[in-house]
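Overview (structure and organization)
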Amino acid sequence: MRRKQKRSDAKPRSTQTKATVFLGGGRITGALIAGLRLAGYDDRIVVHDRNPEKLRALRREFRIEAARDLKSAVAQADMLIVAVRPLSVAEMLDEVARSGVARKPILAVSLAAGVPIKKLLARLGPPVHWARAMPSPVCRIGRGLTAVAFDRQVPKDGRERVREFFASVGPVLEVPENRFDIFTATFSPSHGFHALAALANAAENAGFGGGLALTAAAHALADSIFYWRQSGENLDVLLDEAATPGGTAAATMAAMDGAGYARAVARGLRAGVERGRRNAR
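Just so we're clear, the structure is a prediction, and the values are computed from it rather than from any experiment.

Turning our eyes to something else, we now look at the pattern of salt bridges. Should the charged atoms of two oppositely charged side chains come close, the side chains can pair. What the rule picks out here adds up to 10 salt bridges. Glu174 is paired through a salt bridge with Arg163; the nearest N and O atoms lie 2.9 Å apart. Taken together, the residues span a long stretch of sequence, with Glu174 in strand S8 (residues 172-174) and Arg163 in helix H7 (residues 156-167) at a distance of 11 residues. Looking at Arg163, the relative accessible area reads 29%, which means it is partly exposed. Between Arg278 and Glu274 there is a salt bridge; the shortest N-O distance is 3.9 Å. Here the residue Arg278 and the residue Glu274 both occupy positions in helix H13 (residues 261-280), the gap between them amounting to 4 residues, near one helical turn. Connected through shared salt-bridge partners, Arg159, Arg163 and Glu174 make up one network.

Before going further, it helps to examine the layout of surface pockets. By volume, the largest pocket amounts to about 2700 Å³. If you trace the largest pocket, you find 49 residues lining it, with Gly192, Leu221, Ala222, Ser224 and Ile225 closest to the centre. Among the elements that line the lining of the largest pocket, the one with the most residues is helix H10 (residues 212-231), at 12 residues. Here the lining of the largest pocket is built from residues that sort into 31 nonpolar, 13 polar and 5 charged. In this model, the second largest pocket occupies a volume close to 1200 Å³.

Attention now moves to the pairing of strand S6 (residues 128-135). Burial within S6 is extensive, with 7 of its 8 residues counted as buried. Bridging between strand S5 (residues 106-110) and S6 involves 5 bridges; their strand directions are parallel. Residue pairing for S6: Leu107 is matched across the bridge by His129. Regarding topology, helix H6 (residues 117-123) serves as the crossover connection from S5 to the parallel S6, and that connection is right-handed. The pairing of S6 with strand S7 (residues 146-150) spans 5 bridges and is antiparallel. Within S7, the position partnered with Pro135 by the bridge is Thr146.

On to the sheet that holds S6, then. Strand order in this open sheet of 8 strands is S3-S2-S1-S4-S5-S6-S7-S8, and the pairing throughout is mixed. Both outer strands of the open sheet, strand S3 (65-66) and S8, are each paired with one neighbouring strand and no more. The strands touched by helix H2 (residues 27-38) within the sheet are strand S1 (19-23), strand S2 (45-48) and S6, with S2 carrying the most contacts at an inclination of about 170 degrees. Relative to the sheet, helix H8 (residues 180-187) contacts S6, S7 and S8, its axis offset from that of S6 by approximately 30 degrees.

Basis of the calculations
- Residues numbered from 1 in each chain as written.
- Predicted model: local features only at pLDDT ≥ 70, side-chain atom pairs only at ≥ 80, totals over all residues.
- Heavy atoms only, no water.
- Salt bridge = Lys/Arg side-chain N within 4 Å of Asp/Glu carboxyl O.
- Helix = DSSP H or I, 4+ residues; strand = E, 2+ residues; numbered from the N terminus.
- Buried < 20%, exposed > 50% of the residue type's maximum accessible area, 1.4 Å probe, protein only.
- 1 Å grid on protein atoms, 1.4 Å probe; cavity = no way out; pocket = protein on both sides within 12 Å on 5 of 7 lines; lining within 4 Å.
- Points joined across faces, edges and corners; volume = space filled by probe spheres on them.
- Nonpolar A, V, L, I, M, F, W, Y, C, P; charged D, E, K, R; others polar.
- Pairing = 2+ DSSP bridges.
- Right-handed = clockwise from strand over helix to strand, strands pointing away.
- Contact = heavy atoms within 4.5 Å.
- Axes fitted to C-alpha atoms, helices over the stretch in contact; angles between N-to-C directions.

What follows is the structure, given as structure tokens:
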């Protein structure tokens with residue numbers, strides 16, 4: 001994490017120091033900033049968004065600065081993070097290009113799922129250096145996981161800065177860009193939330209209500225995975241341990257597999273990957 005230099009005069013802070021600039025003030029921006037502040041990140045954070053309510057909420061909660069317009073936001077960027085929906089990326093980058101402010105080296109990071117680096121470069125090329133990152137919303141509590149990929153032209157120090165930035169909110173994996181869509185479809189915490197809701201609902205429908213179903217289902221998913229991580233045991237070994245032949249767990253898993261559990265997961269993953277590829281097109 002970069003240390004701020006001491007100021008030598010009374011000029012406003014915003015005229016002296018560069019900032020981490022987010023283009024887009026939505027959910028992932030809020031989650032990242034929450035995780036960064038939790039980790040003690042105290043560098044300047046500037047956010048540009050057309051929705052003033054989002055900016056007011058972020059400013060209240062996280063001590064960010066709201067940029068008055070896109071051009072002034074980019075002009076302050078030490079690291080530029082594009083955090084808008086995939087379908088909005090082209091329009092935003094075209095606007096940045098027209099502003100003329102990106103005529104100096106900028107380290108830019110896109111969080112847009114499915115939009116490849118070659119398309120980012122086509123909209124806003126050198127001297128801008130591009131990376132892609134896919135951070136989990138769980139970064140809000142410092143337990144995120146982020147995949148990163150880099151254009152070949154990004155220098156070593158730029159790569160290190162990107163890795164260090166996202167390492168503030170959880171582990172970082174460098175993933176080949178042609179595997180990014182698979183990672184995105186696999187790592188989403190929506191899998192956990194979806195499984196938790198399905199298991200708890202099934203228990204309630206079976207007659208186990210009063211909030212107990214959610215507690216039991218959360219243990220089944222979260223604590224078991226935590227144990228796997230902490231123990232270092234092989235997953236197949238743990239599955240055998242947990243499902244005694246002829247027992248309740250074995251019967252439950254066999255029925256789920258027979259109903260197409262594995263096929264449903266695979267089908268969902270394929271749909272997520274295809275959505276990412278459509279974004280690229």
